[in-house]
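# Results of the structural survey
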Amino acid sequence: MITRHASARRTRSAMSLNMVAGERTRQGSAQKHGAVMAFDFGERRIGVAVGDREVGIAHPLETIAYRRDQDPLASIEVLVREWRPNLFVVGLPVSVDGSEHELAPLVRSFCAALSDRFGVATKLVDERYTSAEASEILNEAGVRGRRQKEYLDQVAAQTILEDFFAHDNAIA
């Protein structure tokens, strides 16, 4: 298991992690306990992490590589069946100045597809600097350079989920 050291807790600037407006659900509001699945969405790879909302611990799970002509939800469906999450958390790419990144519309479409296909609530979370933080975590674990590619997205998803757990109590 890859975990963060206290010294690596925050490489993010003095921004407060704000939950980004938007929750989609077909089953009503999400429960405060049970499995949560997080995603670091990319155009070629999706990092997946899973955790338990009650204890607030996240683990990297898998990196799903796909091509534009493939449906990544088919691979995600296998994980959803296994873990039975009651909430999805998806990292929303945000620029340093707080504006949405050009990939944000694709991420929002991905969230809608997740919610529609699986009937699970989705929450968007500011993912600023999560890939840099994931790279730092992997460096500390001795995984460097090209070897990081296999793990970077799932560790970024873990970081997104840890941030969600750390700030979840502040959410109404």
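Everything below is about the structure shown above.
This write-up is about the structure you can find in this document. It should be emphasised that the depicted structure is a prediction, and the values quoted were computed from it without experimental measurement.

With that settled, the discussion passes to the overall build of the protein. Of the regular secondary structure elements, the protein holds four helices and six strands. Burial analysis of the protein (172 residues in total) assigns 48% to the buried set. Expressed as a percentage of contacts within the protein between residues at least 6 apart in sequence, the contacts between residues at least 24 apart total 69%. A total accessible area of about 9000 Å² is found for the protein, and carbon and sulfur atoms account for 48% of it.

Let us look at unusual backbone geometry. Positive phi, close to 50 degrees, is recorded for Arg-84, a residue that is not glycine. Turning to its location among the elements, Arg-84 is positioned in the loop between helix 1 (72-83) and strand 5 (87-92). Overall, Arg-84 belongs to the exposed group, its relative accessible area being 67%.

This part covers the environment of Ser-75. For Ser-75, the location among the structural elements is in helix 1. Using a relative accessible area of 33% as the deciding quantity, one classes Ser-75 as partly exposed. The spacing of Ser-75 and Ile-64 is eleven residues in sequence and 7.2 Å in space, taken between C-alpha atoms.

Looking now at the packing of helix 1 against helix 2 (residues 104-118). At a minimum axis separation of 12 Å, helix 1 and helix 2 run at an interaxial angle of 50 degrees. With respect to helix 2, the axis of helix 1 lies oblique. Between helix 1 and helix 2 the crossing geometry is right-handed. Along the contact surface, helix 1 presents Leu-73, Ala-74, Ile-76, Glu-77 and Val-80, while helix 2 presents Phe-110, Ala-113, Leu-114, Arg-117 and Phe-118. Looking at side-chain class alone, the contact of helix 1 with helix 2 contains eight nonpolar, no polar and two charged residues.

A few words on the packing of aromatic side chains. Inspection of every chain in the model, using the stated rule, returns five aromatic pairs. Seen from their ring centres, Phe-39 and Phe-88 are 5.5 Å apart, and the 65 degrees between their planes marks the pair as edge-to-face. Separated by 49 residues along the polypeptide, Phe-39 in strand 2 (residues 35-41) and Phe-88 in strand 5 bring together distant segments of the chain. We note that Phe-39, like Phe-88, is buried. One aromatic cluster is present, formed by Phe-39, Phe-41, Phe-88, Phe-110 and Phe-118 through successive ring pairs.

Evaluated as defined, the whole model comprises seven salt bridges. One salt bridge connects Asp-69 with Arg-67, and the closest N-O pair in it is separated by 3.2 Å. In this structure, Glu-100 engages Arg-108 in a salt bridge whose closest nitrogen and oxygen atoms are separated by 2.4 Å. Through salt bridges with shared partners, one network takes in Asp-71, Glu-77, Arg-81 and Arg-117.

Procedures and definitions
- Residues numbered from 1 in each chain as written.
- Predicted model: local features only at pLDDT ≥ 70, side-chain atom pairs only at ≥ 80, totals over all residues.
- Heavy atoms only, no water.
- Helix = DSSP H or I, 4+ residues; strand = E, 2+ residues; numbered from the N terminus.
- Buried < 20%, exposed > 50% of the residue type's maximum accessible area, 1.4 Å probe, protein only.
- Contact = heavy atoms within 4.5 Å.
- Areas by Shrake-Rupley, 256 points an atom, 1.4 Å probe, with all protein chains shown as cover.
- Axes fitted to C-alpha atoms, helices over the stretch in contact; angles between N-to-C directions.
- Parallel < 35°, antiparallel > 145°, perpendicular 65-115°, else oblique.
- Left-handed = near helix turned anticlockwise from the far one by under 90°.
- Nonpolar A, V, L, I, M, F, W, Y, C, P; charged D, E, K, R; others polar.
- Phe/Tyr/Trp six-rings, centres within 6.5 Å; stacked < 30°, edge-to-face > 60°.
- Salt bridge = Lys/Arg side-chain N within 4 Å of Asp/Glu carboxyl O.

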